[in-house]
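Structural overview
What follows is each chain in one-letter form.
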Amino acid sequence: MIPKDHPRYHSLMTRERLAACAKAGIVSWEGLTAHGRGEAFDYLIGERTTPSALLSERTAAALLLSARNPLISVNGNTAALAAGEISDLQRASGARVEVNLFHRTEKRVEMIENLLRDSGVDVYTGKAERLLPLSHDRAWCRREGLFSADVVLVPLEDGDRCEVLVGMGKTVIAVDLNPLSRTARTASLTIVDELSRALPHIAQACGELSVTEQEQLIRSVDNHYYLAEAIREMTLRLSHALD
Ligand code: PTJ
C-alpha cells in the first residue's frame with residue numbers, strides 16, 4: 001500500500017501499475033527496464049513539459065491532422081501507461097490505432113487490444129503480416145494499417161523500426177524521454193516528454209489548431225532543435241542541481 005502523502009506517490013503508483021501489467025503479461029519484463037530508463041531522463045528534465053516539448057506536441061497534432069492515413073502504433077508499455085489518453089487522442093485526431101510488439105506473441109497482442117478497447121479505443125485489427133524489412137517481430141503489421149500510414153505516432157519506439165519507417169517515406173513522430181536515443185535522432189519529430197503528459201497535449205492541440213497554424217507548424221519542423229533544447233534543459237538542471 002502506497003500512502004497518498006508519499007512525495008513520490010505518482011511515480012510509485014505508475015511503477016505498481018506497470019508491475020501488475022507485467023505480471024498479467026501485458027507489459028514485457030524488458031518493458032520495466034525501459035520504464036526505468038525513461039524515469040531517469042524524466043528526473044533530468046524536471047518531470048514537466050518544457051516549452052520546446054510543448055511546441056513539438058503541437059507540431060505532432062498538426063502532422064496527425066494533415067495526414068491522409070494517420071496511425072498510432074501501440075506497445076505494451078504505452079497501453080499500460082496511457083490507454084485512456086490513446087482513446088482521447090484517437091477521437092481528436094482520427095488516427096487508426098494498431099498494436100505492434102517487439103516481444104510479440106499472439107496472446108500479448110490480444111490482451112493489449114482488449115485493454116485498449118476497454119478504454120474506448122477503436123483498435124485496428126485484421127490480418128497481420130511480416131511486411132517490414134526487420135529481422136525481429138516488429139516486422140509484423142497490417143497492410144491497411146501501419147504499412148500504408150503516411151504519418152505514424154510511435155511512443156517508446158525502438159531505433160531499428162524507426163529507421164525503417166522513415167526509410168519507407170513515412171513521417172515518424174516518436175515520444176522518447178531520452179534525447180540521445182537512436183529513435184530520438186532518427187525520427188522526423190521527437191517529443192522529449194513523458195508519454196502520459198505528452199498525449200493529452202497533442203489531443204488538446206488537435207482541437208485548437210487552425211489550418212493556417214497547422215501549416216506554419218509543419219513548415220517549421222526541426223527535430224535537431226527539439227533535441228538540442230531538451231539536452232540544454234537537462235544540462236541547465238544538472239548544473240544547478242546542488243544550488
Ligand atoms: O511491448 P513491447 O514488446 O513492444 O516492448 C516495448 C519496449 C518498451 C520494451 C521496447 O519498445 C523497448 O525495448 O524500448 P527501448 O528501446 O527500451 O526504448 C524505450 C525508450 O522509451 C527509452 O529511450 C526510454 O527512455 C523511453 N521511455 C520509457 N518510458 C517512457 C519513455 N519515454 C516517454 N515516456 C515514458 N513513460
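In the block above lies the structure referred to throughout.
Structural notes, computed from the coordinates. (Residues numbered from 1 in each chain as written. Predicted model: local features only at pLDDT ≥ 70, side-chain atom pairs only at ≥ 80, totals over all residues. Heavy atoms only, no water.)

Time to look at the layout of surface pockets. In this model, the largest pocket occupies a volume close to 1100 Å³. Elements with a contribution of two residues or more to the lining of the largest pocket: α1 (9-24), α2 (29-45), α4 (76-93), α7 (182-186) and α8 (195-208). Counting residues per element, the lining of the largest pocket draws most heavily on α2, at eleven residues. Residue classes in the lining of the largest pocket are distributed as 13 nonpolar, 17 polar and 17 charged. (1 Å grid on protein atoms, 1.4 Å probe; cavity = no way out; pocket = protein on both sides within 12 Å on 5 of 7 lines; lining within 4 Å. Points joined across faces, edges and corners; volume = space filled by probe spheres on them. Helix = DSSP H or I, 4+ residues; strand = E, 2+ residues; numbered from the N terminus. Nonpolar A, V, L, I, M, F, W, Y, C, P; charged D, E, K, R; others polar.)

Time to look at the pattern of salt bridges. Applying the stated criterion across every chain, the model contains 20 salt bridges. R58 is the salt-bridge partner of E208, the closest N and O atoms lying 3.1 Å from each other. Of this pair, E208 sits in helix α8 while R58 is found in helix α3 (residues 51-65), placing the two residues 150 residues apart along the sequence. Given the relative accessible area of 42%, E208 is considered partly exposed. Here R232 makes a salt bridge to E229, at a shortest N to O gap of 3.0 Å. Of the two residues, R232 and E229 are both situated in helix α10 (residues 223-239); the distance of three residues between them amounts to about one turn of the helix. Residue class for E229 comes out buried when judged on its relative accessible area of 16%. (Salt bridge = Lys/Arg side-chain N within 4 Å of Asp/Glu carboxyl O. Buried < 20%, exposed > 50% of the residue type's maximum accessible area, 1.4 Å probe, protein only.)

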